Amino acid sequence: MSQNKPINHINPVISELKGEKGFLYIERAKQLASKGYKVISFGVGQPDIPTPDHIIDKAKEALDNKVTGYTETNGIKGLREAITEYLNNRYNAQADPDDIIVTTGAKTALFLAIASYIKPGDKILIPEPSYPAYGEVARFLGAQPIYIKMDFDQYNGFRIDIDKLEEAIDSRTKMIVLNNPHNPTGKVFTWEEVKEIFQLAVDNNMLILADEIYDNFTYEKTFKSILSIPEWKDYVLYVNGFSKTFSMTGWRLGYLAVKKDIARSLTRLAVNIYSCAPSFVQVAGIEALKGDWDPIYKMIEEFRVRRDTLYNELSNIPGFKVWKPEGAFYMFPKIDEILNSIEMDVERFVEYLLDKHHVVTLPGTAFPDKAGDTFIRFSYATSVEDIKEGAKRIKKAVEELLK
Ligand SMILES: Cc1ncc(COP(=O)(O)O)c(C=O)c1O
């Protein structure tokens, strides 16, 4: 009877959406920690280092100055100028402040971009494994995510097979997602690969949703953005933000870059969803981009050390096939042989590590669709000491299970 109340009649598409497993495991880890266990977390996708003080001070100053009201939906001019300066100086993007829509985190920018172009029945190509939001937003809109499995080998890492992408394209394919540097694999696509994907979009009259939220987290070479391709404005919906680079996940600040007449149209959707990003957070965003970058460079150097530590530690665990990632702060080893030997699927294995050894990792299945089902994701946004302790516990767990 009570099931029949209107409150229970949620749009079925909502019930079918998958949550983000990262958030689920963070909750479980918190519960274990509250019981007094020392939990080591390789789960969270956020830097463990706090937002630098000068950014926090700027937000406080803005609040003291009563910067507390609505702003223009596309963001305050000073922030849009700072963003274009960043994109132009680094990537020669030739962007204009009117090409920018400031959003409440990169996720809102992704939603805005996908929702503004994708209609029911359309298809979006997504190299897999993948950050889950692209496919879930597509499904929410009645569109179809088409996952294209990336090739993997331990020595060369992950690769998109352009032929496979091309074969999957039909008249309903409207968009291809390029997340670079890549979550969850840590892959940084080569400039050749980026240009090939861009050309594929041009040849097939498709859009590219380019998510470069990890653009500052590269460890081998300087990152080159898709915005360096002079014709990007006719094909690219560009997403970036402050969450990772400035360790500002909780501030909710991101942006979408698209050519300005399109930005003007997309702002109509933005105003109906979130009105604007928080005003004092936008002021702090200017400080983040234009202020002192030393704490950021230090953080990235620290992440490089952590990457190397985790790589060395995991490489010593029997059955872990580890490729050393070039960017972001994730590692995605393949553990198919372990799973076969112990007859567990990856989700059970991850639960086992959490329940019995209090180590949080994420199953590769959290990065849809199926390509991740023999992989496990590590975030190394945690101290070197914890990385060593966590890896030690996992090694012990694996050795016990394989006995
Ligand atoms: C690839 C990718 N894009 C977007 C986001 C979302 O960023 P934000 O917290 O700014 O919404 C994340 C967060 O983990 C991510 O990994």
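Remember, predicted model here, so these are calculated numbers, not experimental data.

Undergrad: How do you make sense of the overall build of the chain when you look at a structure like this?
TA: Helices and strands together make up the secondary structure of the chain, namely 14 helices and 14 strands. Its C-alpha radius of gyration of 21 Å places the chain within 12% of the 22 Å reference for a compact globule of 403 residues. Seen through its principal axes, the chain has C-alpha atoms that stretch 65 × 60 × 55 Å. Buried residues in the chain amount to 47% of all 403 residues. Restricting the contact set of the chain to residue pairs at least 6 apart, pairs at least 24 apart contribute 71%.

Undergrad: Help me understand the site of the ligand in this model?
TA: Around the ligand, the surrounding shell holds 13 residues, and the nearest of these are Gly45, Gly105, Ala106, Lys107 and Ser243. Grouping the constituent residues of the shell around the ligand by class yields three nonpolar, eight polar and two charged.

Undergrad: What is the right way to read the domain arrangement of the chain from this model?
TA: Accessible area lost when the parts come together is the quantity often used to give the size of an interface. What the domain assignment lists for the chain is domain 1 (2-50 + 295-402) and domain 2 (67-290). The C-alpha-based centres of domain 1 and domain 2 are spaced at 25 Å. Every element with two or more residues in the side of domain 1 that touches domain 2 is listed here: helix H11 (294-315) and strand E11 (330-331). Among the elements that line the side of domain 1 that touches domain 2, the one with the most residues is H11, at five residues. Looking at the side of domain 1 that touches domain 2 residue by residue, the classes come out as 21 nonpolar, five polar and nine charged.

Undergrad: Looking at this structure, how should I read the packing of helix H5 (residues 106-117) against helix H9 (residues 260-273)?
TA: Their axes nearest at 10 Å, the elements H5 and H9 cross at an angle of 115°. In this structure, the crossing between H5 and H9 has a hand that is right-handed. From H5, Leu112, Ala115 and Ser116 reach across to H9, where they touch Leu266, Leu269 and Ala270. Considered class by class, the residues forming the contact of H5 with H9 number five nonpolar, one polar and no charged.

Undergrad: How do you make sense of unusual backbone geometry when you look at a structure like this?
TA: Trans peptide bonds make up most of the peptide bonds, and negative phi angles are found at most residues other than glycine. With an omega of -10°, the peptide bond running from Asn180 to Pro181 counts as cis. Tracing the backbone through its elements, the reader meets Pro181 in the loop between strand E7 (173-179) and helix H8 (191-203). For the bond from Asn183 to Pro184, the omega torsion is 15°, close enough to zero to count as cis. Mapped onto the fold, Pro184 is located in the loop between E7 and H8. One non-glycine residue, Arg252, lies in positive phi territory at about 60°. If you trace the backbone, Arg252 turns up in the loop between strand E9 (236-241) and strand E10 (254-257). On the basis of neighbour count, Arg252 is assigned to the partly exposed category, with 19 C-beta atoms found within 10 Å.

Rules of the game
- Residues numbered from 1 in each chain as written.
- Predicted model: local features only at pLDDT ≥ 70, side-chain atom pairs only at ≥ 80, totals over all residues.
- Helix = DSSP H or I, 4+ residues; strand = E, 2+ residues; numbered from the N terminus.
- Rg over C-alpha atoms; globule rule 2.2 N^0.38 Å.
- Buried ≥ 20, exposed ≤ 12 C-beta atoms within 10 Å, placed from the backbone.
- Contact = placed C-beta atoms within 7 Å.
- Near = placed C-beta within 6 Å.
- Nonpolar A, V, L, I, M, F, W, Y, C, P; charged D, E, K, R; others polar.
- Domains from an automatic or database assignment.
- Axes fitted to C-alpha atoms, helices over the stretch in contact; angles between N-to-C directions.
- Left-handed = near helix turned anticlockwise from the far one by under 90°.

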